[in-house]
Amino acid sequence: MEIIAKAPASCGELVEGVLDGTPFLVTAPISTYATATVSDQFTGIHGLGEKAEEAMKRTLSLIGRQNFPFGIRLESQIPRGKGMASSSADIAAVSYAVARAFGRELTGRELMDIAIAIEPSDGIAFAGLSHVSHTTGELFGQYRNVPLLAISIFDVGGTVDTIAYYKSKGNSGSQDAVYRQLLDTVDQAFRMQGQPQEVLLGQAATESARLNQKHLEKPHLDEFIASVQGKGALGTLVAHSGTVVGVLWASDMRAADVEQRTKELAAEFTEVYHYMQTARLISGGVICEIRS
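Residues numbered from 1 in each chain as written. Predicted model: local features only at pLDDT ≥ 70, side-chain atom pairs only at ≥ 80, totals over all residues. Heavy atoms only, no water.

(A) Examining the domain arrangement of the chain more closely. What the domain assignment reports for the chain is domain 1 (2-143 + 283-291) and domain 2 (149-281). Between the C-alpha centres of domain 1 and domain 2 there is a distance of 23 Å. Counting from both sides, the interface comprises 32 residues of domain 1 and, opposite them, 38 residues of domain 2. Overall, the association of domain 1 and domain 2 removes approximately 3000 Å² of surface from exposure, summing both partners, and the carbon and sulfur fraction of that is 65%. Summed over the shared surface of domain 1 and domain 2, the number is two salt bridges. (Domains from an automatic or database assignment. Contact = heavy atoms within 4.5 Å. Buried area = accessible area lost by both parts, 1.4 Å probe. Salt bridge = Lys/Arg side-chain N within 4 Å of Asp/Glu carboxyl O.)

Structure, rendered in structure tokens:
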């Protein structure tokens, strides 16, 4: 028996802020994964780390089990400390795989509750894109018809401790009207299809990135956004509590064009923005494969 559970990373968040005193975000899951493998062909715990081991313990408690008679291994493609949901993905993948080994399929809310008990979590455990509180776990809405936008991911350097960041940021805010408008833009986007939908998502992400500058500044962001727009991108999104910046390209743009324009951006901002990878916006949620 082998159970393989994959949970996606994120390229920051499509939108993040505080509304009516409650922190919230709209997720931006991408095609990069943490993978937990449970098997009866090997023993021991491999590669989990402190947070993932805590998630394993909480999962066993949730499903009423004391012992775990299988081997488990965690592998991840996700950089740490960059705002790419590395810990959230680890927790979701491990929790789902552990429960599934006993025939239990955890829901997105159950996965989120386990994560929130450990640290603020960005909601990648929910299917589609989710509008969620990353501090309470409350799910406000889900968007299912996710456009597969290409995202060129850049890093401004360093790392951010998520727990320390949110403690210092707090829950206060005086921009409720602005964030309501951004959420309305996202809602409007998901009532559309094709290019209009993608344009609106790019606009919402770019505005949220700008608003976040007073909390966690990305150097030369305005100049970067201007260059991105000049190259025909839909917009710019950021890790609001991390170091990555993503460029959103239309889902139907040719891969060669994305590559060329990304190279131009990397050359133009070589002193500040380090190119990491190109991924796709995808639906959140855990993917599970079971092999006999």
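Text resumes after the structure shown.
(B) Representation of the pairing of strand E9 (residues 244-249) in the model. Burial analysis of E9 places six of its six residues in the buried class, which makes it a mostly covered element. Alternating residues of E9 divide into Val244, Gly246 and Leu248 and Val245, Val247 and Trp249, and every residue in both groups is buried. For strand E7 (residues 150-155) and E9, the ladder comprises six bridges, and the chain directions are antiparallel. When the sheet's bridge partners are listed, Ile151 is paired in E9 with Leu248. The sheet contact formed by strand E8 (residues 235-238) and E9 spans four bridges and is antiparallel. Its bridge partner lying in E9, Val238 is registered against Val245. (Buried < 20%, exposed > 50% of the residue type's maximum accessible area, 1.4 Å probe, protein only. Helix = DSSP H or I, 4+ residues; strand = E, 2+ residues; numbered from the N terminus. Pairing = 2+ DSSP bridges.)

(C) Quick peek at the UniProt feature "domain: GHMP kinase N-terminal" (unreviewed entry) in the chain. In the UniProt entry, the feature "domain: GHMP kinase N-terminal" (unreviewed entry) is given for residues 56-122. From the first C-alpha to the last, residues 56-122 spans 19 Å; its make-up is 46% helix and 9% strand. (UniProt positions renumbered as here; feature names shortened; annotations may be inferred.)

(D) Structural view of the packing of aromatic side chains. Enumeration over the complete set of coordinates arrives at ten aromatic pairs. Ring geometry for Phe224 against Tyr273: centres 4.3 Å apart, planes inclined by 5°, an arrangement best described as stacked. Of this pair, Phe224 sits in helix H7 (residues 221-230) while Tyr273 sits in the loop between helix H8 (255-268) and strand E10 (274-280); the two residues are 49 residues apart in sequence, bridging distant segments of the chain. For the pair Phe224 and Tyr273, a shared accessibility class is recorded, and that class is buried. Aromatic ring contacts, followed pair by pair, group Phe154, Phe224, Phe269, Tyr273 and Tyr275 into a single cluster. The side chain of Lys6 reaches across the aromatic face of Tyr33, ending 4.4 Å from its centre. (Phe/Tyr/Trp six-rings, centres within 6.5 Å; stacked < 30°, edge-to-face > 60°. Lys NZ or Arg CZ within 6 Å of the ring centre and 35° of its normal.)

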